[in-house]
4 protein chains.
Amino acid sequence: MDTQFFTDPRLAELHGAASATAKSLFSDRDLSVPMTRAELLSAYRSLASTGYLGGVIDRSRGGAGLSFEEYGAVLEGVSEIAPFLSNHSVQRSLVVAGTEQQRDRWLGPLLSAETIGAVLITEPHGGTHVADVRTTLTPDGDDYRLTGQKIWCVHTMTADVGVVLAAGPDGSAVRCLADLNHETVRRQQIDMTGLRYLTFGLIEFRDTPVAAGDLLIGQGTDEVKRTLAVARALVAVQAASVGQRAVYAAVKHLSTRNARGRAVTGLDLIRERVGELSSRVEASRAFAYHALKAIDRDDASAPALASAAKANATDAAVAAATAGIELCAAEGLVAGAEIQRHRDDAAMLAIADGTPIVNHTLWGKYVIEQSLLRRP
Amino acid sequence: MDTQFFTDPRLAELHGAASATAKSLFSDRDLSVPMTRAELLSAYRSLASTGYLGGVIDRSRGGAGLSFEEYGAVLEGVSEIAPFLSNHSVQRSLVVAGTEQQRDRWLGPLLSAETIGAVLITEPHGGTHVADVRTTLTPDGDDYRLTGQKIWCVHTMTADVGVVLAAGPDGSAVRCLADLNHETVRRQQIDMTGLRYLTFGLIEFRDTPVAAGDLLIGQGTDEVKRTLAVARALVAVQAASVGQRAVYAAVKHLSTRNARGRAVTGLDLIRERVGELSSRVEASRAFAYHALKAIDRDDASAPALASAAKANATDAAVAAATAGIELCAAEGLVAGAEIQRHRDDAAMLAIADGTPIVNHTLWGKYVIEQSLLRRP
Amino acid sequence: MDTQFFTDPRLAELHGAASATAKSLFSDRDLSVPMTRAELLSAYRSLASTGYLGGVIDRSRGGAGLSFEEYGAVLEGVSEIAPFLSNHSVQRSLVVAGTEQQRDRWLGPLLSAETIGAVLITEPHGGTHVADVRTTLTPDGDDYRLTGQKIWCVHTMTADVGVVLAAGPDGSAVRCLADLNHETVRRQQIDMTGLRYLTFGLIEFRDTPVAAGDLLIGQGTDEVKRTLAVARALVAVQAASVGQRAVYAAVKHLSTRNARGRAVTGLDLIRERVGELSSRVEASRAFAYHALKAIDRDDASAPALASAAKANATDAAVAAATAGIELCAAEGLVAGAEIQRHRDDAAMLAIADGTPIVNHTLWGKYVIEQSLLRRP
Amino acid sequence: MDTQFFTDPRLAELHGAASATAKSLFSDRDLSVPMTRAELLSAYRSLASTGYLGGVIDRSRGGAGLSFEEYGAVLEGVSEIAPFLSNHSVQRSLVVAGTEQQRDRWLGPLLSAETIGAVLITEPHGGTHVADVRTTLTPDGDDYRLTGQKIWCVHTMTADVGVVLAAGPDGSAVRCLADLNHETVRRQQIDMTGLRYLTFGLIEFRDTPVAAGDLLIGQGTDEVKRTLAVARALVAVQAASVGQRAVYAAVKHLSTRNARGRAVTGLDLIRERVGELSSRVEASRAFAYHALKAIDRDDASAPALASAAKANATDAAVAAATAGIELCAAEGLVAGAEIQRHRDDAAMLAIADGTPIVNHTLWGKYVIEQSLLRRP
Ligand SMILES: Cc1cc2nc3c(=O)[nH]c(=O)nc-3n(C[C@H](O)[C@H](O)[C@H](O)COP(=O)(O)OP(=O)(O)OC[C@H]3O[C@@H](n4cnc5c(N)ncnc54)[C@H](O)[C@@H]3O)c2cc1C
Ligand SMILES: Cc1cc2nc3c(=O)[nH]c(=O)nc-3n(C[C@H](O)[C@H](O)[C@H](O)COP(=O)(O)OP(=O)(O)OC[C@H]3O[C@@H](n4cnc5c(N)ncnc54)[C@H](O)[C@@H]3O)c2cc1C
Ligand SMILES: Cc1cc2nc3c(=O)[nH]c(=O)nc-3n(C[C@H](O)[C@H](O)[C@H](O)COP(=O)(O)OP(=O)(O)OC[C@H]3O[C@@H](n4cnc5c(N)ncnc54)[C@H](O)[C@@H]3O)c2cc1C
Ligand SMILES: Cc1cc2nc3c(=O)[nH]c(=O)nc-3n(C[C@H](O)[C@H](O)[C@H](O)COP(=O)(O)OP(=O)(O)OC[C@H]3O[C@@H](n4cnc5c(N)ncnc54)[C@H](O)[C@@H]3O)c2cc1C
């Protein structure tokens, strides 16, 4: 069913290669245990040929030159085994908002899987309200010092470099690169329920030095929106993949259960429910690619559409996995049952890059504006 | 928002032309009153240039030679004003299952809007269980006589020719063409809540003569599945369009209401709800086109996918319109409020070509089979 | 199933008598046509012996001296045929907030069904935001003049006297009694989709005289909350009744349909869905009586609980009826099918006395406050 | 909010005492670790004075002589800390279906917390289809031998005696008492996600001796239905309690989060959602007591009603906890967050004594039968 999804054979191929590589890579790995930095880098290297690392970054810069739609197909392939593994956001931030020196310094190691990057935005006092950033970047001679706490960031324990959002000397938001291995940086892992092969936690900067040249060049609001749109649309694709795994896991178990002298998968009631859950997941997948295509052609609707696609996909995936667990009855509740992993991964994706409430609200705002424009 | 939907400019163009023609055509028409045969034919003629009549039928046969995806875009355009207006199924049945003579006789008049066709399958005793067909086709010399009742068919009062499902002399299902203007045919209109510009009702055959040459050549099961798939995927596109109208109608009203000193469309609670409803509708739209593309490339998954797309789209449209009415509060309950029409049209589309329960079950069955194949 | 609901035989008896009277009263009446004033008064008189008019008002004042729970049972009985028929709010407002003269003047005629009262709060510019009242009561000698518009009020065309919310001379909200038959009052009926035996519409006051003695004595906030609580809990009971009728109507139709050689009501898929819809309705009914009991014992939680009960009951009833229509397939869409009436009545009840959004928010606010109190 | 729930002060008192005892009992206990047999018995002893052990069993037999409604209040109290702790079903089975000797032998130790009982019905090959029991009871002289596997039973590792469903010598279902400490019985713990202070797992009988006197006297179908009804209605009460805890846990966390300069609990969007989730839970609680009252008065609807109440309550609790986790955003996903425990407990209760699908179907079947009886 998977590769049939794509009309375009190139997308099918990208998806298939990524999925096959990921499968062979992780077949023996217990994905409930966090990967070390070395393991992650080795996985990245194995996946490099699929475009997983290079992604949408220009070939001239060492990237894979994929379109966003193509990159979505790659991520979806890997996501069948290990959603959210990549650190594509850091690379893209450098390309979009970095200086030439910053790119020279970091892009190579990131794209060749020698370095891991992380994006550090959320703070302990409240993640959604980004305007209220309390980490400060204060002048220290020609350079700066970074002080504050960041939380929930992917690759908290394994990343080497962070793109950090902070309040600059004049109070306005700035972004800078910070060396996470510096002695002034403390990291504390927080165990999460999902995406357990990755690390999350608290990162504290205590007067961490930041060179003047490590400030990212200010992005315009549109660029920030676009960056977020990309992140969200790519979460959407991965969430759809998780939702699909959840449906498969439920079906797999149910095919072994009997009622009224037949496998319960032969009962219309079970089929109807499976169909309903799955159709929402599949619709969310089509919608996710629709959003990626809008990003590819730089449509004005893309940021809002990506919000809609993301919230829709995680809603569908969480619903499919939650209902799937219930369908599996007692077996679904055995500690460690596969389908629980899908639910927990889906729940994680639902929060990353903004909660469903936040993303639905953003889309609703856009729909309202557009429909009022259209019908005066 | 509409035409932005399409990546492909050709689809945008087809959609735009169809929508514009439909708008100008029906701007003065009270769509709560059934159209007469003459009005319908005149509307078809006006729409002919958009491909609405010719659709996917080969240019060599007088059709418009569109792909299913393209035809979906045309239908969606018309659907913004008047969903389900067309009678494309009859034309396609002739092409797929008719004899050369039948095509010679009927295709021209149908494609040039001189004749209206109807598909007559459902019987009063139960519509879903098609196997239990009670209308009979009995031999009468070299020809046949048709006896029985059909119900709920689009164009009940206006159609000239019907493609009728009946039990043949040996009890097996056959399809034949019947002259609905024959004196032995009685038709009785039944008022429905939605799609009120169309006619529905009961059609009774009392020994209606059917010539030997009016039997359709037996379709294989695959062809029947494909025909149904087309019908369902096209309903899906139209339902998405109805759902979108419902969202717009709600927003339009809500933008005029105030609470806490501002328009309620400025409240996050309202935005979030609008966003959630709309994202489901938009996902169902992307999914509908996804199904049409699968039909275009004759994918084995297409029939099941079309069932999924249809049930998903009508679920989303009914939910959006029902919640939309509630959002509009008292104004939404005034008799004749626009948004009610969308809800009633969506509810009609949900039943046409199989109920949501039936279509979800078909998709669920397919998903179960596929996922068991994939994971032995 | 109905009367079995009550543990207390007295409640069962009250419910049974009300239901039987209502049934005999309306058996021949087409409830899709508004009742005239004379018809309404005659119906009230027939129902008087059930406590329908006297309700919770003290026997000493000519009331029936029922508890709120008992009165709920009476309303539920009548509601099986004609929900929302009564005008109990006006009587109760007089008792709670009227002067002795006002009670002497109006209570008798209202309780003996010679007069019909209406409550006039909502204005055309926005119903929820009650603080923004634009109807004004301006001094005119010792008396007052009333100017402004009210909308959506039950009994718009048939009421004799209105309890009107207006902005008083100093801008603060006041309530007064107004003679709706006065020549300065214009009423215009607005056709609604549900509760069609009642009248709704626009009422305009153009310098309507109001005597100084016709001002209600200011209610404290607690009393207003209590009045609203009563209204909401009683809507909840009636909505549960409507939801139950919707389930019955769907089942009745489905028992006549066949699939796979048996009535579809014998299929597990249909049973499960009916069970799920019905269980929500029945839970909402139990919750509605729970709220009434809280009002009876004057519990501090009663106002919030009534909001919760109301929103829960109308959510359940709208869901049951909407899904019920879909379950009935084409028959559910025939204009005038019984189950549509239940959906339309349920949708009306959902808006009366505050929308679901508003009532859920009120309950949520209370739950939040309480749970923070409990867990410091 | 809790004790306010009860109108009847006696119920409030029973609930309050049980809740207080449970709180003091478990305040230091890590409830994610299974309790040993000794710990369980000690807890039972501490709870004995609340009626938790004696329950509905007659005082003459050493029980607490509570009504089912009263017992529900006790269970709900304990459930605030540790749902599903009790082993009341074994006691009740002995009273309803045991012989006098069996009662003499077992009731005392069970009621004085010297012995733990378990109910062993479900088998590994499929739990819902009870008719297909494969554990056999074969004659061995005057006595019997028990062979087969049971799974998922509460108290798997801690119980001393089991009420075991088996196929008797003539193939019909029988129930017998079995000594679970016998050397022929193997037990293997299976870690479950919820109710982690209890033990579940596989129990294997390999020719376990069963004395002739250990067979329970055959229950009539009505008695079995009644026993199941009791079990289900009591699960419903406990599920409502779990749902309520989930709401509280979410609110507690949300009150510490900020957005737009205020606690997010002050935002209407959050309030509305909390209100909606909580109103479903509270309605399900009222419905659960409604079912218990029907059992108390031996109403014919009680078994079906208990199914409805159970499915409704676990639906509401699972929905509240799942949405609650999402509302808590990243904090809700930290491994070990309180609200996850409520979700996992709710999911367990949803499966115990029949899945939601099964219980909704049973209620739907009853509603259909009743409504057809009522409306010929
Ligand atoms: C898997 C995962 C990966 C992540 N990766 C990163 C990363 O790499 N880097 C990084 O910086 N962060 C990361 N995050 C953090 C993530 O961005 C935040 O968790 C998220 O934005 C929500 O913030 P919060 O958890 O603080 O929730 P809060 O902001 O505390 O929100 C609490 C609740 O309030 C609601 N709410 C908030 N504002 C409003 C409003 N205005 N109106 C209505 N409701 C509102 C929310 O929907 C939520 O229900 C990650 C999180 C997860 C789970
Ligand atoms: C807008 C519209 C256009 C239509 N156009 C045409 C047309 O052009 N030509 C034509 O012939 N017909 C047409 N129909 C009829 C349509 O095909 C049928 O209404 C539809 O197939 C359902 O049949 P029914 O209404 O008889 O429902 P029933 O078959 O009576 O179904 C009753 C209920 O039982 C359920 N059910 C049925 N079988 C099962 C099962 N096996 N398992 C579980 N549940 C089941 C259904 O989902 C439904 O809820 C149209 C209908 C509509 C509303
Ligand atoms: C059957 C029926 C009987 C009625 N009877 C009477 C009567 O007897 N007397 C009388 O005076 N009126 C009566 N009404 C009117 C009724 O009180 C109002 O319709 C109702 O309060 C909603 O007001 P509105 O329709 O103006 O909606 P609006 O206030 O315009 O609301 C529009 C939308 O905004 C939402 N909204 C509003 N405020 C907020 C907010 N702060 N946050 C988030 N969302 C918000 C609402 O939920 C709704 O979705 C009746 C209405 C009905 C349908
Ligand atoms: C917390 C907990 C406590 C328990 N306590 C006990 C105990 O003390 N003693 C004991 O013996 N057992 C106990 N059980 C087992 C419990 O009774 C079973 O798990 C339950 O009945 C479901 O059986 P199953 O898990 O085998 O699911 P299955 O029977 O395998 O069901 C699989 C799926 O098929 C569906 N299904 C089954 N039949 C049909 C049908 N006819 N139509 C449609 N769908 C159907 C189910 O809804 C489910 O989704 C407990 C379970 C739990 C979780």
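Residues numbered from 1 in each chain as written. Chains lettered and ligands numbered in written order. Predicted model: local features only at pLDDT ≥ 70, side-chain atom pairs only at ≥ 80, totals over all residues. Heavy atoms only, no water.

By the naming in an unreviewed UniProt entry, chain A goes by Acyl-CoA dehydrogenase and is assigned to Epidermidibacterium keratini. Within the UniProt record for chain A, the comment given under Sequence similarities (unreviewed entry) is "Belongs to the acyl-CoA dehydrogenase family." Under the heading Cofactor (unreviewed entry), UniProt records this for chain A: "FAD". (UniProt positions renumbered as here; feature names shortened; annotations may be inferred.)

Within chain A, the secondary structure is distributed over 10 helices and 9 strands. Computed over C-alpha atoms, the radius of gyration of chain A comes to 21 Å, within 12% of the 21 Å expected from 2.2 N^0.38 for 376 residues, which places it in the range of a compact globule. Across its three principal directions, the C-alpha atoms of chain A cover 80 × 60 × 40 Å. The long-range share in chain A, meaning contacts at least 24 apart out of those at least 6 apart in sequence, stands at 71%. In the structure as shown, chain A presents an accessible area of about 13,000 Å², 50% of it carried by carbon and sulfur atoms. Distance from the positive charge centre (38 side chains) to the negative charge centre (44 side chains) of chain A: 5 Å. (Helix = DSSP H or I, 4+ residues; strand = E, 2+ residues; numbered from the N terminus. Rg over C-alpha atoms; globule rule 2.2 N^0.38 Å. Contact = heavy atoms within 4.5 Å. Areas by Shrake-Rupley, 256 points an atom, 1.4 Å probe, with all protein chains shown as cover. Lys, Arg positive; Asp, Glu negative; His and termini not counted. Charge placed at Lys NZ, Arg CZ, Asp CG, Glu CD.)

What follows is about the site of ligand 3. Around ligand 3 lies a shell of 30 residues, among which Arg257(B), Leu327(B), Val119(C), Ile121(C) and Gly127(C) are the nearest. Neighbouring residues of ligand 3 are not confined to one chain but are distributed across chains B and C. Between an oxygen atom of ligand 3 and a main-chain N or O atom of Leu327(B), the distance comes to 2.6 Å. Backbone polar atom of Val154(C) to an oxygen atom of ligand 3: 3.2 Å apart, as the coordinates give it. Starting from 980 Å² of accessible surface for ligand 3 in isolation, the protein chains cover 93%. Within the residue set of the shell around ligand 3, elements represented by two or more residues are helix 7 (268-296) of chain B together with strand 1 (117-120) and helix 9 (338-351) of chain C. (Near = heavy atom within 4 Å. Polar contact = N/O pair within 3.5 Å; in protein donor to acceptor, adjacent residues only side chain to side chain.)

A separate point is helix 3 (residues 68-79) of chain B. Residues and elements named next belong to chain B. In a regular helix each residue adds 1.5 Å, so 12 residues correspond to 16 Å; helix 3 covers 16 Å between its end C-alpha atoms and thus fits that length. Within helix 3, 12 of the 12 residues are buried, leaving the element largely enclosed by the surrounding structure. Among all positions of helix 3, only Phe 68, Glu 69, Glu 70, Tyr 71, Gly 72, Ala 73, Val 74, Leu 75, Glu 76, Gly 77, Val 78 and Ser 79 are buried. (Expected span 1.5 Å × (residues − 1). Buried < 20%, exposed > 50% of the residue type's maximum accessible area, 1.4 Å probe, protein only.)

Let us look at the domain arrangement of chain A. Residue and element names in this part refer to chain A. Assigned domains within chain A: domain 1 (3-86), domain 2 (117-214) and domain 3 (221-374). Distance from the C-alpha centre of domain 1 to the C-alpha centre of domain 2: 27 Å. Counting the surface domain 1 buries against domain 2, the share from its top three residues, Pro 34, Arg 37 and Phe 84, is 43%. At the junction of domain 1 and domain 2, the tally comes to 1 salt bridge. Viewed at the interface, domain 2 and domain 1 are joined by 7 residue pairs in polar contact (both at pLDDT 80 or more). Its residues assigned to classes, the side of domain 1 that touches domain 2 comprises 10 nonpolar, 3 polar and 1 charged. (Domains from an automatic or database assignment. Buried area = accessible area lost by both parts, 1.4 Å probe. Salt bridge = Lys/Arg side-chain N within 4 Å of Asp/Glu carboxyl O. Nonpolar A, V, L, I, M, F, W, Y, C, P; charged D, E, K, R; others polar.)

Okay, the state of the cysteines next. Under the definition given, this model contains 0 disulfides over all chains. Lacking any disulfide linkage, Cys328(D) is separated from the closest cysteine sulfur, that of Cys153(A), by 19 Å. Judged by relative accessible area, which is 5%, Cys328(D) ranks as buried. (Disulfide = S-S within 2.5 Å.)

Another aspect to go through is the relation of the copies chain D and chain C. Of the two same-sequence chains, chain D is brought onto chain C (RMSD 0.0 Å, axial shift 0.0 Å) by a rotation of 180°. Look at the turn and shift together and you get a two-fold axis relating the two. Taken as a fraction of all interface residues of chain D, those also at the interface in chain C reach 100%, which identifies the copy contact as same-surface. (Least-squares fit on C-alpha atoms with pLDDT ≥ 70 in both.)

Here we come to the site of ligand 4. Surveying the vicinity of ligand 4 reveals 30 residues, the closest of which are Arg257(A), Leu327(A), Ile121(D), Gly127(D) and Thr128(D). Each of chains A and D places residues next to ligand 4. Arg257(A) is positioned such that a nitrogen or oxygen atom in its side chain is 2.6 Å from an oxygen atom of ligand 4. Within the backbone of Leu327(A), an N or O atom sits 2.6 Å from an oxygen atom of ligand 4. Across the complex, the protein chains shield 93% of the 980 Å² of accessible surface that ligand 4 would expose by itself. Secondary-structure elements contributing two or more residues to the shell around ligand 4 are helix 7 (268-296) of chain A together with strand 1 (117-120) and helix 9 (338-351) of chain D. Of the residues contributing to the shell around ligand 4, the split by class is 22 nonpolar, 6 polar and 2 charged.

Before going further, it helps to examine the side chain of Ser86(A). All names here are of chain A. Within the secondary structure, Ser 86 sits in the loop between helix 3 (68-79) and helix 4 (88-97). On the accessibility criterion, Ser 86 (11% relative accessible area) is buried. When near neighbours in sequence (up to four residues on either side) are disregarded, Ser 86 contacts Tyr 44, Tyr 52, Tyr 71, Leu 75 and His 155.

Before going further, it helps to examine the pairing of strand 5 (residues 173-179) of chain D. Residue and element names in this part refer to chain D. Burial within strand 5 is extensive, with 5 of its 7 residues counted as buried. With 7 bridges connecting them, strand 4 (residues 161-167) and strand 5 associate as antiparallel partners. Counted as the bridge partner of Val 163 is Leu 177 from strand 5. Hairpin remark: strand 4 followed by strand 5, antiparallel, with 5 residues in the connecting loop; positive phi at Gly 171, about 90°. (Pairing = 2+ DSSP bridges.)

With that settled, consider the UniProt feature "domain: Acyl-CoA dehydrogenase/oxidase N-terminal" (unreviewed entry) in chain A. The positions UniProt marks with the feature "domain: Acyl-CoA dehydrogenase/oxidase N-terminal" (unreviewed entry) are residues 43-114 of chain A. From the first C-alpha to the last, residues 43-114 of chain A spans 11 Å; its make-up is 54% helix and 0% strand.

For the rest of this paragraph, the subject is the relation of the copies chain B and chain A. Note on the copies: chain B fits chain A at an RMSD of 0.0 Å, the axial shift is 0.0 Å, and the rotation between them is 180°. Here 100% of the contact residues of chain B are again contact residues in chain A; the copies associate through an equivalent surface.

Take the nonpolar core next. Membership of the largest hydrophobic core comes to 480 residues, with the highest contact counts inside it found for Leu85(A), Leu85(B), Leu85(C) and Leu85(D). Ignoring any residue separated from it by four or fewer positions in sequence, one finds Leu85(B) in contact with Phe26(B), Met35(B), Leu40(B), Tyr44(B), Leu47(B), Tyr52(B), Val78(B), His155(B), Tyr197(B) and Leu198(B). (Core = buried A, V, L, I, M, F, W, Y, C linked by side-chain atoms within 4.5 Å.)

A few words on the interface of chain D and chain C. Between chain D and chain C, the residue contacts involve 50 residues of the former and 50 residues of the latter. For the pair chain D and chain C, the summed buried area comes to about 4,600 Å², and 62% of that belongs to carbon and sulfur atoms. Where chain D meets chain C, there are 4 residue pairs in polar contact (both at pLDDT 80 or more). No other element matches helix 7 (residues 268-296) of chain D, which puts 15 residues into the side of chain D that touches chain C. Its residues assigned to classes, the side of chain D that touches chain C shows 18 nonpolar, 15 polar and 17 charged.

Let us look at unusual backbone geometry. Despite not being glycine, Asp298(A) has its phi angle at roughly 55°, a positive value. Here Asp298(A) shows up in the loop between helix 7 and helix 8 (302-327). Although it is not a glycine, Asp207(C) adopts a positive phi angle of roughly 60°. You can see Asp207(C) is positioned in strand 7 (residues 201-210). Given a relative accessible area of 41%, Asp207(C) falls into the partly exposed group.

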